[in-house]
Amino acid sequence: MRASTNLEQIRSAEKALTVGTWTITLGAVLYSMLTVTPLMSGHTPEGWRWTAPILPLVVDAAVVIVVRMDSTLARLDGDGGRWPVVLRWMTGAMTVLLNVGQSALEHDAVGVAVHAVAPLLLIVTAETSLAYRRAIAAALAARAARERDERAERERSQEERRQRERADRIAEYERADRAERERREHDERMADKQREHEERLAREERTEQARREAADRDERQRRQDAERADRERLEREASERERRERERERTVEQDIERLRQKLLSAPAVDERLPEEQARLTVQNCVVARIPQRRAAELTGWSAGWIANRYQELRAAERPALHAVPARGDGPTTRPTEEQAS
């Protein structure tokens with residue numbers, strides 16, 4: 001598990017190194033072309049200024065080749081000799097000189113420093129990337145050597161363990177053979193005793209089985225009587241619950257009908273009720289199935305407001321009744337909480 005995690009970390013690091021190196025390389029190449037092209041255009045004859053981008057493109061192509069081949073050789077743990085080093089530093093120096101050339105001719109020290117950032121960063125990144133890749137390759141090679149040594153050690157240990165197991169099996173076979181002979185002799189002696197014992201146990205078992213069957217019959221009869229009594233009790237309780245539920249529903253319907261008659265017979269208001277009182281009145285109208293027009297007359301609020309309150313209350317599972325004092329009247333009769341639910 002640890003080796004797998006380390007390999008994943010190495011692959012992730014190599015990926016980050018590759019992506020970062022190529023990001024810096026491509027950025028430096030693009031920046032170099034944009035910087036060097038005006039310099040070359042100013043030092044190229046009039047009819048040939050269209051060739052100004054060729055030189056920075058050639059130098060940057062050499063940089064790309066160096067970075068690509070260095071990464072491949074480092075991954076293969078190879079060495080290209082001194083010429084790749086010469087090419088890498090020559091292209092780096094050319095890139096630096098071309099990038100700072102325009103600023104140097106204009107005696108602009110700040111421009112020289114600014115335009116030297118990208119090529120210097122590219123040179124250092126290429127060298128650092130190469131060093132990182134070689135270090136990773138060396139570490140992987142050392143790891144592979146350790147794994148080979150560990151695998152060889154495990155194979156030797158396994159071979160020694162197999163030899164010990166083979167010797168143990170041979171000794172075990174010999175002991176088992178002796179034990180088998182002794183066991184057969186012992187079994188023959190015990191066979192007669194076992195038969196006599198089994199016959200005695202069989203007689204006792206038959207007697208015990210008859211007793212258990214009689215006890216089971218009595219127990220089944222007791223359970224049947226108890227289950228029958230439980231069923232009768234549950235049926236009585238269910239019947240009583242249904243009767244109470246019907247009485248409760250009948251009481252709720254009577255309360256709702258009385259509320260409906262009270263709301264239908266109540267006079268219309270001349271001005272709007274307070275919002276809280278109006279909401280409670282609308283809630284009672286919804287429960288009593290009063291039309292929205294009548295609710296508007298009882299509250300004095302607009303038909304649109306009444307319609308919105310109806311929609312909100314009907315979206316609920318079942319609104320409860322509330323005592324709402326009407327003008328000139330006492331509070332309406334409020335059913336109990338159990339009836340309202």
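Position numbers for residues start from 1 in each chain and track the written sequence from start to end. It should be noted that, the model being predicted, local features are given only for residues of pLDDT at least 70 and side-chain atom pairs only at 80 or more, the latter also being counted only at that level, while totals for whole chains, interfaces and linings use all residues. Computation of side-chain values covers all heavy atoms of the structure but excludes hydrogens and water.

Let us now look at the overall build of the chain. Secondary structure assignment for the chain yields 8 helices and 0 strands. Each helix and strand of the chain, placed in order from N terminus to C terminus, yields the pattern α-α-α-α-α-α-α-α. Residue contacts are counted whenever heavy atoms from the two residues lie within 4.5 Å of one another. Put simply, of all contacts in the chain between residues at least 6 apart along the chain, 72% involve residues at least 24 apart. When the accessible surface of the chain is summed, it comes to about 24100 Å², and 55% of that surface belongs to carbon and sulfur atoms. In this text, helices come from DSSP runs of H or I with a minimum length of four residues, and strands from runs of E with a minimum of two, each type numbered from the N-terminal end. Note on areas: Shrake-Rupley, 1.4 Å probe, and residue coverage restricted to the protein chains presented here.

This next bit is on unusual backbone geometry. Residues other than glycine seldom take positive phi values, yet arginine 289 does so here, at roughly 60°. Mapped onto the elements of the fold, arginine 289 is located in the loop between helix H5 (275-287) and helix H6 (292-299).

Tracing the sequence through the fold places glutamine 277 in helix H5. Residues glutamine 277 and threonine 299, 22 residues apart in the sequence, show an inter-C-alpha distance of 8.3 Å.

Here we take up the packing of aromatic side chains. To pair, rings of Phe, Tyr and Trp, with the six-membered ring standing in for Trp, must have centres within 6.5 Å; the planes then decide the type, stacked if under 30 degrees apart, edge-to-face if over 60, and tilted in the middle. For the coordinates displayed, the defined rule picks out 1 aromatic pair. Lying over the aromatic face of tryptophan 301, arginine 272 brings its terminal NZ or CZ to 4.0 Å of the ring centre. Here, over-ring charges are defined by two tests on the NZ atom of lysine or the CZ atom of arginine: distance to the ring centre within 6 Å, and angle to the ring normal within 35 degrees.

For the rest of this paragraph, the subject is the nonpolar core. Side-chain atoms within 4.5 Å are what join buried Ala, Val, Leu, Ile, Met, Phe, Trp, Tyr and Cys residues into a set we call a nonpolar core. Residue exposure (1.4 Å probe, protein chains only): buried if accessible area is under 20% of the type maximum, exposed if over 50%, otherwise partly exposed. Within the largest apolar cluster, 22 residues are counted, with the highest numbers of intra-cluster contacts made by Leu263, Val282, Cys285, Ile306 and Tyr310. Only helix H4 (109-265), H5, H6 and helix H7 (303-315) provide two or more residues apiece to this core. Among the elements that make up this core, the one with the highest residue count is H5 (5 residues). Excluding residues that lie within four positions of it along the chain, valine 282 makes contacts with Thr299, Trp305, Ile306, Arg309, Tyr310 and Leu313.

Helix span, as expected, comes to 1.5 Å for every residue beyond the first. Taking 1.5 Å of rise per residue, 24 residues should cover 34 Å, and helix H3 (residues 82-105) covers 33 Å from first to last C-alpha, within 8% of that figure. Every buried residue of H3 is accounted for by Arg88, Thr91, Gly92, Thr95, Val96, Leu98, Asn99, Val100, Gly101 and Ser103. At the exit of H3 stands histidine 107, carrying a positive phi of roughly 55°.

Take the confidence of the model for the chain next. Per-residue confidence from the predictor is given as pLDDT, running between 0 and 100. Of all residues in the chain, 74% attain a pLDDT of 70 or more, and the chain-wide mean is 77. When mean pLDDT is taken per element in the chain, H5 scores highest with 90 and helix H8 (residues 337-340) scores lowest with 35. Every residue in residues 1-5 scores below 50 in pLDDT, and together they form 1 contact with partners more than four places removed in sequence or on other chains. Low confidence marks residues 323-341, where pLDDT is under 50. Its contacts with residues over four positions away, or in another chain, come to 34 contacts.

The next subject is H6. Listed in full, the buried residues belonging to H6 are Arg294, Ala295, Ala296, Leu298 and Thr299. Glycine 300 occupies a position one or two residues after H6 and carries a positive phi of about 80°.

What follows concerns the packing of H6 against H7. Only the stretch in contact is used when a helix axis is fitted, and all axes are lines through C-alpha atoms; the angle between N-to-C directions ranges over 0 to 180 degrees. Here H6 crosses H7 at 115°, and the two axes come no closer than 10 Å. Crossing of H6 against H7: the hand is right-handed. In this structure, H6 uses Gln292, Ala295, Ala296 and Thr299 to contact H7, whose residues at the interface are Ile306, Ala307, Tyr310 and Arg314. Residue classes follow a fixed rule: Ala, Val, Leu, Ile, Met, Phe, Trp, Tyr, Cys and Pro count as nonpolar, while Asp, Glu, Lys and Arg count as charged, and any other residue, Gly among them, counts as polar. Considering only residue class, the contact of H6 with H7 consists of 5 nonpolar, 2 polar and 1 charged. Should the near helix be turned anticlockwise from the far one by less than a right angle, the crossing is termed left-handed; should it be turned clockwise, right-handed.

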